[in-house]
Amino acid sequence: MADFMLLIFNVINNEERIRMNLNRRQLRDMSDPFSLTEETFKGIYRLSRQLTRDLMTDLSPFLQDNERVLGIPKHLKILATLNFLAQGSYQKAVGQDFFCPMSQKSVSRCVEEVTGALVEHFPHFVHFPSTAAEKTQEKQLFMTVPHGFPGIIGAVDCTHVAIISPPVEDPQYPAIVFLNRKGYYSINVQIICNARLKILAINARFPGSVHDAGIWTTSIVKNLLHTSYENGDSSSWLIGDAGYPLEPWLMTPVSGHNLTEPERRYNVAHKSIRNVIERLNGVLKTRFRCLSKHRVLHYNPAKCAKLIYACAILHNMCIHNGEIDIDIDHNDEEDNNDEPRNAENDHNNLHEGRIIRNRIIRDYFQ
């Protein structure tokens with residue numbers, strides 16, 4: 001009798017599951033998120049309606065065609081992914097959204113496919129200036145910033161993106177290396193941005209325990225700037241906080257207490273200009289709440305990095321489209337490693353860096 005009742009119970013549950021799936025598909029196929037007001041749409045998906053339509057047009061060729069009649073349409077794959085990146089909630093909650101109702105597994109597949117396509121086919125949206133014309137353009141933009149001085153092509157800093165603890169004994173990603181100095185697990189993401197908050201370069205390959213200066217040591221951008229300097233470009237540099245080493249291509253604040261008046265003015269200008277990277281980190285995490293400290297990413301580090309890169313690409317699409325109006329959530333505490341640190345530095349680089357910094361102070365802050 002018990003086995004018979006269990007069989008009946010399973011049949012009823014299966015029928016209920018089928019009914020819910022059909023209802024979900026009906027809601028999904030009948031929904032029209034673009035009927036929402038612009039403000040409501042951007043609140044849910046973070047992109048404007050027009051930019052989202054353009055993204056669908058550009059991204060759809062790189063998404064898999066549906067082999068099943070009831071398969072998820074490409075535009076809903078993109079909307080579900082945008083919703084997840086924007087809200088930073090669990091995939092199950094995203095799937096219960098009225099406009100994109102689908103199972104948690106379906107949301108997971110959508111996020112994996114869409115972010116993978118973004119990272120693979122649209123990396124050119126994150127581009128570091130390499131030609132003389134591109135550098136000149138960035139320098140001119142920074143000259144429009146209050147206290148701006150010539151030569152700046154970008155501001156560099158790191159920000160932590162919280163993740164769940166990897167397995168303690170994981171041979172590739174042991175948990176201990178992701179525990180940062182604030183006491184939670186994270187990826188320490190190096191970002192370089194321009195004066196308009198556009199991301200010029202991003203590196204999400206290092207765990208939270210690695211200091212900013214350590215990430216910079218192996219940076220591809222550092223190698224590019226070093227090569228450019230050796231080829232005669234001694235008037236292009238990034239600006240970074242006291243956690244970075246002074247180099248001919250990376251200007252840091254002047255340390256010490258007995259500073260001259262020009263040195264103090266240089267430090268004031270340096271701090272004011274470097275505010276762009278702090279604003280960028282705030283805008284990025286507010287626009288895509290999945291990167292917020294309060295929305296821990298529940299994936300392995302490699303997949304978390306892919307999500308971070310996808311958010312950077314989408315952010316630059318917004319900047320390119322003139323969509324910068326984001327109210328920064330100041331409760332999302334930034335965890336920058338900006339404490340002074342005696343980072344290892346090549347003596348020649350330090351000496352030449354001081355010469356260039358002194359020249360800047362003499363020419364513009366005397």
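What counts and what doesn't
- Residues numbered from 1 in each chain as written.
- Predicted model: local features only at pLDDT ≥ 70, side-chain atom pairs only at ≥ 80, totals over all residues.
- Heavy atoms only, no water.
- Helix = DSSP H or I, 4+ residues; strand = E, 2+ residues; numbered from the N terminus.
- Contact = heavy atoms within 4.5 Å.
- Core = buried A, V, L, I, M, F, W, Y, C linked by side-chain atoms within 4.5 Å.
- Buried < 20%, exposed > 50% of the residue type's maximum accessible area, 1.4 Å probe, protein only.
- Domains from an automatic or database assignment.
- Expected span 1.5 Å × (residues − 1).
- Bend = angle between axes of the 7 residues up to and from the residue.
- Axes fitted to C-alpha atoms, helices over the stretch in contact; angles between N-to-C directions.
- Parallel < 35°, antiparallel > 145°, perpendicular 65-115°, else oblique.
- Nonpolar A, V, L, I, M, F, W, Y, C, P; charged D, E, K, R; others polar.

**A few points about the overall build of the chain**
Of regular secondary structure, the chain possesses twelve helices and five strands. Look at the contacts in the chain between residues 6 or more apart in sequence, and 71% of them connect residues 24 or more apart.

**Here's the deal with the nonpolar core**
Among the nonpolar cores identified, the biggest contains 80 residues, and Leu55, Leu118, Phe149 and Leu314 are the most heavily contacted of them. Two domains each put at least three residues into this core: domain 1 (31–123) and domain 2 (126–365). What Leu118 contacts, discounting residues up to four positions off in sequence, is Leu55, Leu59, Pro123, Ala310, Ile313, Leu314 and Met317. Judged by nonpolar contacts, the second largest core, of 16 residues, contains Phe128, Val221, Leu238 and Trp249.

**A look at helix 10 (residues 261–287)**
An ideal rise of 1.5 Å per residue puts 39 Å on 27 residues; helix 10 measures up with 40 Å between its terminal C-alpha atoms. Its maximal kink placed at Asn275, helix 10 deviates by approximately 25°.

**So, the packing of helix 4 (residues 74–87) against helix 11 (residues 301–320)**
In contact at an axis separation of 11 Å, helix 4 and helix 11 are set at 100° when each is read in the N-to-C sense. As the angle between them shows, helix 4 and helix 11 are arranged roughly perpendicular. Contacts between helix 4 and helix 11 involve Leu82, Phe84 and Leu85 from the former and Leu307, Cys311 and Leu314 from the latter. Residues of the contact of helix 4 with helix 11, tallied by class, amount to six nonpolar, no polar and no charged.

**Regarding the environment of Asn83**
Take Asn83: it is sitting in helix 4. Among the residues examined, Asn83 registers a relative accessible area of 5% and is labelled buried.

Limitation: the analysis is restricted to geometry and does not speak to function.
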